[in-house]
Every structure is written in structure tokens, then in C-alpha cells.
Amino acid sequence: MTEENFNKMKTPSRLNITVREFQALDNPTVQHIFYEGLMEMIYDTAFRGLRHHPESLLLYAAVTGLFIITKCWWVIVFLPAIVICLRYFYSRRVIHGFLRRAMSTDMGDIEGFYMKSPGSCLWVAVVEGKVVGIVAAVSQQEKMGGAVVLQRMAVDQRYRRNGVGSALGQKVVEFAATRGYSSVVLGTTAYKPAAHQLYKRLGFQCVGITNGYTTPGSKQSFMERIFYRVHHHHYILNV
């Protein structure tokens, strides 16, 4: 890790944060934090994400124009509400599909998936004895020199902007560095600026964006492709 990246990671904390490995007793709180974090993504993708997809806006404008030509005024009046409701409905369906997929794989068996392999781990951030955040790491390659994937990061809303996310991210970087991995990578569909600012403070660089990303667990139906579109940002940090 470069000295510049190390200095970026020195984020002053306003709380006394301890990051430790997951324990079985943490599971109910970990699942709650993970669930709440995913549910926030419904609003994020349905509404905040709309302005990031001009092709969707053009499609909706074209449909509106069609109705104006045909003089279906009642449809014109209700069309914005219909579009918003459909975006919310399909965002919710895809996110719940993602949740089901996660619960059928790693998050349904945290102990077995993360804690029994030297190339993976899940940590919790603790403040005054309470679990307030989570993050996981999974190696992409068994051999040293590969990459570690940072995933499942989520922080209790009440403890955000207090250094919890930074402490969790630093733990993954430390995990990769001490085990001889060359980089840490992550992907996110978040539109919130705070998430991207956190990754950049930790030293990550965005190396690509996938438009129209297929979220794991989605059905990729015709309606989903119209009303659920996200950007997937790819980040990397060399350690």
C-alpha cells in the first residue's frame, strides 16, 4: 500500500469503534443491519437513480408524447405517478430477489461461508458493546497475489458519518495486505454520494461503470429492464 493511500485511511473517529470477527451471537443484529441496508436501496434505485439514466427519461417522455397525440388526458395526468409506482415496484422486487439469493448463499450461513476459510471473513463494528456495522471479504483466488472482494458493507443508520464505514473498510484492506493479496476490489450500485466518497477516502479508484447491470436475483423480465436500471461502479485499491 502506498503512503498516500495509508494517509487517506487515517480518518478520525468520533466514536470508540472496535472491529472484530463475527460471532454466532451477532447473527440477529447482523441480519437486521444487512436487511435494512438493502431496503434503502429500493428508494435509491427507484427515485434517486432515475436522473442518472437519460435513456429511461427519454422513453418515458416518448410515451407521454404518444398519449398527448392520442389525447388521452387522464393518462397524461396520471402517467408520472404510474411511472414512479412501477419503478418502486420493480426496484422492490429485484432487491428482494437479491436478498433471497444472499440468504440462500453466504448470508444464510455466515459461519460456514466466511469464518471457516483463510481467504474470507466477516467482521462487525462494535460501539459500546453494540454491533453497528458489518463488512465481509472473499478472496477471488486461492493463491496469494490475487484480489480480495469487499462486500456486504452496511452500517446502522444511527451510527453513520462517525467513522464506522472507514473502520470496516480499513479492516478489509488490512486483511488483504497481511495475507499477501495484491488488491481489494468492490462493486456497488449505490447512487448515494456518501458511499462513493467513503471508498475514495479509503484509497479506492473507480475503474469502470457498467450501465444496465444485471443484479443477482433479478428475473430480467421485459418490465424489469424498463423500470429497473442501475449503474454498477467497479472500484479497486492496490495494497
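Scroll up to find the structure.
Summary of the structure given here.

Rules used in this analysis
- Residues numbered from 1 in each chain as written.
- Predicted model: local features only at pLDDT ≥ 70, side-chain atom pairs only at ≥ 80, totals over all residues.
- Heavy atoms only, no water.
- Helix = DSSP H or I, 4+ residues; strand = E, 2+ residues; numbered from the N terminus.
- Contact = heavy atoms within 4.5 Å.
- Areas by Shrake-Rupley, 256 points an atom, 1.4 Å probe, with all protein chains shown as cover.
- Salt bridge = Lys/Arg side-chain N within 4 Å of Asp/Glu carboxyl O.
- Buried < 20%, exposed > 50% of the residue type's maximum accessible area, 1.4 Å probe, protein only.
- Pairing = 2+ DSSP bridges.
- Axes fitted to C-alpha atoms, helices over the stretch in contact; angles between N-to-C directions.
- 1 Å grid on protein atoms, 1.4 Å probe; cavity = no way out; pocket = protein on both sides within 12 Å on 5 of 7 lines; lining within 4 Å.
- Points joined across faces, edges and corners; volume = space filled by probe spheres on them.
- Nonpolar A, V, L, I, M, F, W, Y, C, P; charged D, E, K, R; others polar.

**A look at the overall build of the protein chain**
Phase 1: Along its length, the protein chain carries eight helices and seven strands.
Phase 2: Taking the contacts inside the protein chain whose residues are at least 6 apart along the sequence as the reference set, 72% of them involve residues at least 24 apart.
Phase 3: With the model as given, the accessible surface of the protein chain reaches about 12,800 Å², and the carbon-plus-sulfur share is 58%.

**Quick look at the pattern of salt bridges**
Oppositely charged side chains can pair when the atoms bearing their charge come close.
Phase 1: Tallied over the full model, the rule gives seven salt bridges.
Phase 2: As a salt-bridge pair, Glu-40 and Arg-160 come within 2.6 Å of each other at their nearest N and O atoms. Residue Glu-40 is located in helix α2 (residues 27–46), and its partner Arg-160 is located in the loop between β4 (147–155) and α6 (164–178); the two are separated by 120 residues in the primary sequence.
Phase 3: Classification of Glu-40 by relative accessible area gives buried; the value is 15%.
Phase 4: Residue Arg-160 is classed as partly exposed on the basis of its relative accessible area of 31%.
Phase 5: A salt bridge links Asp-156 to Arg-158; the shortest N-O distance between them is 2.8 Å.

**What about the side chain of His-96?**
Phase 1: Mapped onto the elements of the fold, His-96 is located in helix α4 (residues 73–104).
Phase 2: Owing to a relative accessible area of 18%, His-96 belongs among the buried residues under this scheme.
Phase 3: Ignoring any residue separated from it by four or fewer positions in sequence, one finds His-96 in contact with Tyr-35, Met-39 and Ile-42.

**Topic: the sheet that holds strand β1 (residues 17–21)**
Phase 1: With respect to topology, seven strands assemble into an open sheet ordered β1-β2-β3-β4-β5-β7-β6, the strand pairing being mixed. With one partner strand each, in any of the chains shown, β1 and β6 (205–211) form the two edges of the open sheet. The sheet shows a mean angle of 25° between the axes of neighbouring strands, direction not considered.
Phase 2: One ladder, built from eight bridges, connects strand β2 (residues 120–127) with strand β3 (residues 130–139); its direction is antiparallel. Each residue of the ladder has a partner; that of Cys-121, found in β3, is Ala-137.
Phase 3: Strands β1, β2, β3, β4, β5 (183–188) and β7 (231–238) of the sheet are contacted by α6, whose axis makes an angle of about 160° with β4.
Phase 4: Set on the sheet, helix α7 (residues 193–201) makes contact with β4, β5 and β7; between it and β7 the angle comes to about 15°.

**A closer look at empty space enclosed by the protein**
To find the voids left in a structure, one rolls a probe of water-molecule size over its atoms.
Phase 1: Considering all chains together, one arrives at one cavity of 30 Å³ or more under this definition.
Phase 2: As a volume, the largest cavity reaches approximately 30 Å³.
Phase 3: If you go around the largest cavity, the residues you meet are Arg-93, Val-94, Gly-97, Arg-100, Gly-217, Ser-218, Lys-219 and Glu-224.
Phase 4: Looking at the lining of the largest cavity, the element that brings in the most residues is α4, giving four residues.
Phase 5: Among the residues making up the lining of the largest cavity, the classes are represented as one nonpolar, three polar and four charged.

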